Amino acid sequence: MKIAMAGGRHLFVVDRKETMFARQSTMTKIAVNSSHYMPTLCVSSDNDRSSKRIGVRRRIHDLANDYANHPDMCVFITHEGMRMCDFSDFTGWSIWIDEVPDIMDNEVMNIAVSRVIFESLYDLHPIHNEDGEPTGWSEILCRNGDVNLAMMANDDIANGLRALHRRVLEAKATGRRSVIVNGNAWSDFGGDRKCNWFSIWSPEHISNFQSVTFLANAFTDSLTFQIMQSMWPNIQWMEVKTKNTRHFAKRKVTIHYYAESHLGSRRLFWSDEGKANLAKVCADINMRVAGRSHIWMCNSADAETIDLTGRKLSPKQAGSNEYQDVSTATCIYTVKPDADQRKVYELLGVDSNYYTQTNERETILQFACRTSVRDPASTADLDLFVYDKAQAEYLLRYFQRDERGYAVATMELHDLGFADAQRKCGRPTITRTPEEKRELARQRKAEQRANKKAAGLCALTRHRCLEWVALAE
């Protein structure tokens, strides 16, 4: 790792605790074999200081003072740890963010009875569009600042509101976050109407670091990047292309898919038609992978419908080499934004299709890359199975972008009688290339920024110009 060789004080942020400890082990091995020793530390709820009841947030905050006189240090934390902390004292440190962090908080709550608690704690400020018309959404403002998180933690009823209250208090204290909800009065949330609140983590929390580097595949096509670019347009991004010198043997990659004219969706997979489609898909895959090593994943909601041979894993399988001898993988997976989420992205000036790309297709890609494709010496043919063409094309573009060209990738449609079926599942989805999406986004920027100010979201755009480095895949 570059960090181990260069020295200095670094905060390395990973997506999960398992990855954190694996990265620490790798860093330690590199440091031991080099002339420059780099001390390392993992901060999580699992290691020993937690027994002293020192919270993760406090421990991360104290790092700046604890290691102020250490010339070299690398501390590993998780995305969640980063999102809960204030880093104003970390001047002189560098932060490295591995994988794309989720910067949008969202919770759906049924508060038909408990809305009286919300009325006592929070005011709602209705959001209007550029024509002065109500959008049906409001900003949540703190009415009673005397109620802190510790008090909520000790209250059996209010304990469930801590996540929301933390975000509202942070918005009040820093002006770096807004919290919005799908209503104009707490009395709106009666009967079957559910409260759906959203909040965006601000990159200003890490603006004091000496450098900020994202390590991620197709970062500029991620939902997180699109939100940041829309809400904080003065951030300066610099792409650093890295050349991977590891030699990979040539191998053939075939991406199999079953739907040409429609996308997989929750509505489809829950329907009788969708379940019949999935049964046909499973039968076809089982025939093709017979006698071969095979891993697969699906949404938990479809676990009883999907009947595949091989080993079932979690969709968010931790990155490791455990399955690099596997040459077939199946991903029957769908994640689409709901109506409230689409409305929020519209208010933010972000194409909601990026939500699907980040949460569905990137998850499929990461799972597919747990296979033999990560083994440099493997020459085994790799077969990947997905449901629809858009998912297959996302995988194909990934392999085609790699300048080493070690994976000769092709797509193959298997028509089981429903490939050309067209479905209307809510808002129509248009599949565009990343270049087309960026051009459309560029054309909309000026109008969208004006809309956000008119919509009362200006609290999200208080920032100074930042220089960041985005690391290419």
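Coordinates for the structure precede this section.
Residues numbered from 1 in each chain as written. Predicted model: local features only at pLDDT ≥ 70, side-chain atom pairs only at ≥ 80, totals over all residues. Heavy atoms only, no water.

A. The arrangement of the sheet that holds strand β16 (residues 382-386) in detail. Read from one edge to the other, the open sheet built from 6 strands follows the order β14-β13-β15-β16-β12-β17, with strand pairing classed as parallel. Two strands in the sheet have a free side with no partner beyond their single neighbour: β14 (311-312) and β17 (407-413). With 2 bridges connecting them, strand β13 (residues 295-298) and β14 associate as parallel partners. Paired with Trp-296 across the two strands is Lys-312, which belongs to β14. Running over the sheet, helix α12 (residues 353-368) touches β13, β15 (328-332) and β16 and is turned about 160° from β13. (Pairing = 2+ DSSP bridges. Helix = DSSP H or I, 4+ residues; strand = E, 2+ residues; numbered from the N terminus. Contact = heavy atoms within 4.5 Å. Axes fitted to C-alpha atoms, helices over the stretch in contact; angles between N-to-C directions.)

B. Representation of the packing of α12 against helix α13 (residues 389-401). It is the contact of α12 with α13, at a shortest axis distance of 10 Å, that shows an interaxial angle of 55°. By the angle between their axes, α12 is oblique relative to α13. Handedness of the crossing formed by α12 with α13: right-handed. Of the residues in α13, those touching α12 at Gln-357, Glu-360, Arg-361, Glu-362, Ile-364, Leu-365 and Ala-368 are Ala-390, Gln-391, Tyr-394, Leu-395 and Tyr-398. Looking at the contact of α12 with α13 residue by residue, the class counts come to 7 nonpolar, 2 polar and 3 charged. (Parallel < 35°, antiparallel > 145°, perpendicular 65-115°, else oblique. Left-handed = near helix turned anticlockwise from the far one by under 90°. Nonpolar A, V, L, I, M, F, W, Y, C, P; charged D, E, K, R; others polar.)

C. Local environment of the environment of Gln-341. As for its position among the elements, Gln-341 is in helix α11 (residues 339-348). On a C-alpha basis, the gap between Gln-341 and Asn-106 in space is 9.0 Å, while along the polypeptide they are 235 residues apart. If we ignore the near neighbours within four places in the chain, the residues touching Gln-341 are Asn-106, Phe-198, Lys-336 and Tyr-355. Within polar-contact distance, the side chain of Gln-341 engages the side chain of Tyr-355 at 3.4 Å. (Polar contact = N/O pair within 3.5 Å; in protein donor to acceptor, adjacent residues only side chain to side chain.)

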